[in-house]
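# Observations on the model geometry
Single-letter residue listing:
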Amino acid sequence: RLMIAAEIDCEEKSSRAGDNTTDATGRSKLADYVELKTMRRPTKEFHWRNAHEQRFCKYWLQSYLVGVPTIQLGLRDDSGKLVEIMKLETRVLGSRSQHSPLRNVRWDPFV
């Protein structure tokens, strides 16, 4: 047996009118959970490649295993100021689709 536990960074309430965001027990639906990450904003192409090969694989693994569908990635400058926010969909992050940042990485999340 394998037991997996995770801490959830936050939840994002649905903005759709009338959308029920809790299950029958009153707990938030898994689809509302969000993982928060920050990193220094890459300035060169090889910085992005390294982020994809190293960080994004870890981000995908951490979120995919527990079913968190969204990762909010804050990019900061050298002084620590938040300069950009990227929304990453976990299911796309681990795919080979043209929209995945991992599409050119020699890493297969489904092995």
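Keep in mind it's a predicted model, so treat the numbers as computed, not measured.

Rules of the game
Residues numbered from 1 in each chain as written. Predicted model: local features only at pLDDT ≥ 70, side-chain atom pairs only at ≥ 80, totals over all residues. Heavy atoms only, no water. Pairing = 2+ DSSP bridges. Helix = DSSP H or I, 4+ residues; strand = E, 2+ residues; numbered from the N terminus. Contact = heavy atoms within 4.5 Å. Axes fitted to C-alpha atoms, helices over the stretch in contact; angles between N-to-C directions. pLDDT = per-residue confidence, 0-100.

### Quick word on the sheet that holds strand S2 (residues 33–40)
A sheet is described by the order of its strands in space; here 4 strands give the open sequence S1-S2-S3-S4, paired in mixed fashion. The open sheet terminates on both sides in strands that have one partner only, identified here as strand S1 (10–11) and strand S4 (82–89). Relative to S2, S1 runs antiparallel, the two sharing 2 bridges. By the bridge assignment, Glu11 is partnered in S2 with Tyr33. Where helix H1 (residues 45–66) meets the sheet, it contacts S2, strand S3 (70–76) and S4, and its direction lies at approximately 155° from that of S2.

### Considering the confidence of the model for the chain
Mean pLDDT over the chain: 78, with 70% of residues reaching 70 or higher. Confidence, read as mean pLDDT per element, is least for helix H2 (residues 90–93) in the chain (81) and greatest for S3 (94).

### Some thoughts on the pairing of S4
By the bridge criterion, 7 bridges tie S3 to S4 in an arrangement that is antiparallel. Following the sheet pairing, Gly74 is matched in S4 by Ile85. Adjacent in sequence and paired antiparallel, S3 and S4 are bridged by 5 residues, among which Gly80 carries a positive phi angle near 95°.

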